[in-house]
Amino acid sequence: FLETAAYFCMKPKMGEKEVSPHSFFSIWHEFSSDFKDFWKKENKLILQERVKEAEEVCRQKKGKSLYNIRPKHDSGIVSKL
């Protein structure tokens, strides 16, 4: 634990000789909960962007017709009369 606290440059509070696990993990808990919240927000924004892109691609594909429609020519009994 002390090596980990030293790695993150944690210094003991006034009047303490060593960094206590309570002080270290209270800071770590705040960091991890903030990180989790930001992570969820970023994922939500990325998902919304991807949905918009997919909708745009779908609109573009619907705009292009996959088949050609030719006008109907009168040919039959009605046109001969």
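This report concerns the structure included in the present document. Counting starts from 1 at the beginning of each chain's written sequence and moves along it residue by residue. Only residues with pLDDT of at least 70 get local features here, since the model is predicted, and only at 80 or more are side-chain atom pairs given and counted; chain-wide, interface and lining totals rely on the full set of residues. Heavy atoms throughout the structure, all of them, feed into the side-chain values; hydrogens and water do not.

**Examining the pattern of salt bridges**
Inclusion rule: The term salt bridge refers to a side-chain nitrogen of Lys or Arg lying within 4 Å of a carboxyl oxygen of Asp or Glu. Secondary structure counts use DSSP, requiring at least four H or I residues in a row for a helix and at least two E residues in a row for a strand, with both numbered from the N terminus. The classification of residues rests on relative accessible area computed with a 1.4 Å probe and restricted to protein chains. Under 20% of the type maximum is buried, over 50% is exposed, and intermediate values are partly exposed.
Overall, the coordinates contain two salt bridges when judged by the stated rule. Put simply, arginine 59 and glutamate 56 hold a salt bridge, and the shortest N to O gap is 3.2 Å. Of this pair, arginine 59 and glutamate 56 both sit in helix α2 (residues 21-63), three residues apart, roughly one helical turn. Residue class for glutamate 56 comes out partly exposed when judged on its relative accessible area of 37%. Among the ionic contacts, a cluster of salt bridges with common partners joins Glu55, Glu56 and Arg59.

**So, a nonpolar patch on the surface**
Applicable threshold: Put simply, a patch holds well-exposed residues, over 30% relative accessible area, that have no salt bridge, with like charges counted together within 9 Å and Val, Leu, Ile, Met, Phe, Trp or Tyr side chains within 5 Å. Note on areas: Shrake-Rupley, 1.4 Å probe, and residue coverage restricted to the protein chains presented here.
On the surface, Phe1, Leu2, Tyr7, Phe8, Phe25, Trp28, Phe31, Phe35 and Trp39 cluster together into a nonpolar patch covering about 1000 Å² of accessible area. Of all elements in the fold, only α1 (2-7) and α2 reach the threshold of two or more residues within the nonpolar patch. Looking at which element gives the most residues to the nonpolar patch, the answer is α2, with five residues. Structurally, phenylalanine 1 is set in the segment before α1.

Geometric values such as these leave the question of function open.
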